[in-house]
Amino acid sequence: MGNTPSSHKISAQDKAILDMKNQRDKLHQYQKRITVLTDREKAIAKEMLAKGNKQGALLALRRKKYQESLLSRTDSQLEQLEKLASSVEFALVQKDIVFGLQQGTKVLQEIHKEMGGLEHVEKLMGETADAIAYQKEVSEMLGGRISNQDEDEVEDELEAMEAELSSVPLPDVPAAELPTKMGVEAAKEEREEQGVRMLA
Amino acid sequence: MTTTHTSTSPGPPPATFSFPRDYYFPPFFTRQPQRTTFHAQCQKWSSLIQAYCRAHRIWKLSLVDALDTDLFYNKRLGKRLSMADAREIVEFMRTEGRAEWIGKPGAGEEGGTAWIWWRTPEEWAGAIAEWIDGTAQKNTVLTLYELTESEATASEEFHGMDPELLQKALNVLVKRGKAQVFGQEDQQGVKFF
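Since the model is a prediction, treat every value here as computed from it, not as a measurement.

Thresholds applied
- Residues numbered from 1 in each chain as written.
- Chains lettered and ligands numbered in written order.
- Predicted model: local features only at pLDDT ≥ 70, side-chain atom pairs only at ≥ 80, totals over all residues.
- Heavy atoms only, no water.
- Pairing = 2+ DSSP bridges.
- Helix = DSSP H or I, 4+ residues; strand = E, 2+ residues; numbered from the N terminus.
- Axes fitted to C-alpha atoms, helices over the stretch in contact; angles between N-to-C directions.
- Parallel < 35°, antiparallel > 145°, perpendicular 65-115°, else oblique.
- Contact = heavy atoms within 4.5 Å.
- Nonpolar A, V, L, I, M, F, W, Y, C, P; charged D, E, K, R; others polar.
- Phe/Tyr/Trp six-rings, centres within 6.5 Å; stacked < 30°, edge-to-face > 60°.
- Buried < 20%, exposed > 50% of the residue type's maximum accessible area, 1.4 Å probe, protein only.
- Lys NZ or Arg CZ within 6 Å of the ring centre and 35° of its normal.
- 1 Å grid on protein atoms, 1.4 Å probe; cavity = no way out; pocket = protein on both sides within 12 Å on 5 of 7 lines; lining within 4 Å.
- Points joined across faces, edges and corners; volume = space filled by probe spheres on them.
- Buried area = accessible area lost by both parts, 1.4 Å probe.
- Salt bridge = Lys/Arg side-chain N within 4 Å of Asp/Glu carboxyl O.
- Polar contact = N/O pair within 3.5 Å; in protein donor to acceptor, adjacent residues only side chain to side chain.

(A) Spotlight on the sheet that holds strand β6 (residues 141–143) of chain B. Residue and element names in this part refer to chain B. Overall, antiparallel pairing links the three strands, which are arranged β6-β8-β7 in an open sheet. The open sheet is flanked by β6 and β7 (179–184), the only strands paired with a single partner. Shown here is a sheet whose adjacent strand axes are inclined to one another by a mean of 30 degrees, direction ignored. Bridge analysis of β6 against strand β8 (residues 187–192) gives three bridges, and the strand direction is antiparallel. When the bridges of β8 are listed, L142 appears paired with V190.

(B) Seen up close, the packing of helix α4 (residues 121–134) of chain B against helix α6 (residues 163–175) of chain B. Residues and elements named next belong to chain B. At a minimum axis separation of 8 Å, α4 and α6 run at an interaxial angle of 75 degrees. Judged by the angle between their axes, α4 and α6 are roughly perpendicular. Contact residues: P121, E122, W124, A125, I128 and A129 in α4; L165, L166, K168, A169, V172 and L173 in α6. Tallied by class, the residues present in the contact of α4 with α6 amount to 10 nonpolar, no polar and two charged.

(C) Structural view of the packing of aromatic side chains. Residue and element names in this part refer to chain B. Summed over the entire model, instances satisfying the criterion amount to 15 aromatic pairs over all chains. Measuring from ring centre to ring centre gives 5.8 Å for W131 and F158, while their planes differ by 75 degrees; the resulting arrangement is edge-to-face. Linking W131 in helix α4 with F158 in the loop between α5 (144–149) and α6, this pair joins segments that are 27 residues apart in sequence. Like F158, W131 is buried. A network of ring pairs unites the aromatic residues F17, F19, Y23, Y24, F28, F29, W45, Y52 and F72 as a single cluster. The ring centre of F38 lies 3.8 Å from the NZ or CZ of R31, which sits over that ring.

(D) Summary view of the sheet that holds strand β1 (residues 60–62) of chain B. Residue and element names in this part refer to chain B. If you walk across this open sheet you meet the three strands as β1-β5-β4, and the pairing is antiparallel. A strand with exactly one partner marks an edge of an open sheet, and here the two such strands are β1 and β4 (99–102). Taken over all neighbouring pairs, the strand axes of this sheet differ in orientation by 30 degrees on average, direction set aside. Relative to strand β5 (residues 113–116), β4 runs antiparallel, the two being bridged by four bridges. Following the sheet pairing, I102 is matched in β5 by T113. Together, β4 and β5 form the strand contacts of helix α3 (residues 83–95), whose direction differs from that of β4 by roughly 120 degrees.

(E) Representation of empty space enclosed by the protein in the model. Residues and elements named next belong to chain B. For the coordinates displayed, the defined rule picks out one cavity of 30 Å³ or more. The space that makes up the largest cavity amounts to roughly 30 Å³. Taken together, T30, R31, F38, Q41, L81, D85, E88 and I89 make up the full set of residues lining the largest cavity. Elements with a contribution of two residues or more to the lining of the largest cavity: α1 (35–55) and α3.

(F) Representation of the interface of chain B and chain A. The interface is formed by 20 residues belonging to chain B together with 20 residues belonging to chain A. Between chain B and chain A lies a buried interface of about 1800 Å² when both sides are counted; carbon and sulfur atoms form 56% of it. Counting every contact that joins chain B to chain A gives three salt bridges. We note a salt bridge from K21 of chain A to E146 of chain B, for which the minimum N-O separation is 4.0 Å. At the surface where chain B touches chain A, the tally comes to five residue pairs in polar contact (both at pLDDT 80 or more). Going through the elements one at a time, β6, α5, α6, β7 and β8 of chain B are the ones with two or more residues in the side of chain B that touches chain A. Residue composition of the side of chain B that touches chain A, grouped by class: seven nonpolar, nine polar and four charged.

Function-wise, these values are silent; they only describe arrangement.
This is the structure we're talking about:
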């Protein structure tokens, strides 16, 4: 071909598809040619009829009819070729999909193998649960020790606060005289009498 | 239009191609003696030729044929570009990377034929690669015929492209490792990566 070598390969399938498509193109070109011929025969028939040559016109129309029958025959052949080419192309796509699925399955199996199977995973889960429980115990122990230490610190802080408060000056004792005991009792009796009156 | 282009156009050329104002300016058809003016004249002719070829889907331009078309002959003004000037303009386009002589430049009385790169092969390669990406056709085998002649590419600018130019564009992609062309000479296919 004279083209620069490419890393992409042209497969046997590609060549087969090209052959089919070339055949299709040939049919297309053939149809174009026949269409031109039928148009020409029609024009000849009109011309002959205008000249009064009915026999010549009839002959031209017969030729046109034959060309049209060829055209319809090539139509069905063309359809078959198109379908075949499409089927081959779709089959190639399917082949790629199957290959992709195979690769995916292979990778998945490799990963499962690396994981060591279900038993290994089960054992690992058990070990993980044990490790978590152990870690919890350790955390609780450490948590207890820390809270005792915190308690001491809190008490120290409270003492410091109390000391701080004791240095604050207290308010003066009130100078007003407090009521006598007699006065308090008299007031109490008066309240009781009022209550009795209200009930009556 | 009797320009040489081997592939069929996707449709009839536009009924009216709108020429720029310079086209209706008589000195535009006469070689300007002053160097900077001539350079500007060449640039304007280059733009016009590219736009004209793009509109009429012309890939190869035969100068001897083109001299009789409205590209180089303004009937309203009665002005025509000379063969020597046309050759000089195409040569200028070649230096700018917008044309390429086919065979010997300006060979014989014919005046020569040149590729007109209203899109360079690199740009065409990009357009094809973009279409392949957009239609998810990587790793798919396509025939060269279906790339330029099928209904699938009817709306694309490379539809109806000259087969030789298609080869040039694909070779760009092959060199980049984005495609591989294979098959027999007249029945080639391409696979994109």
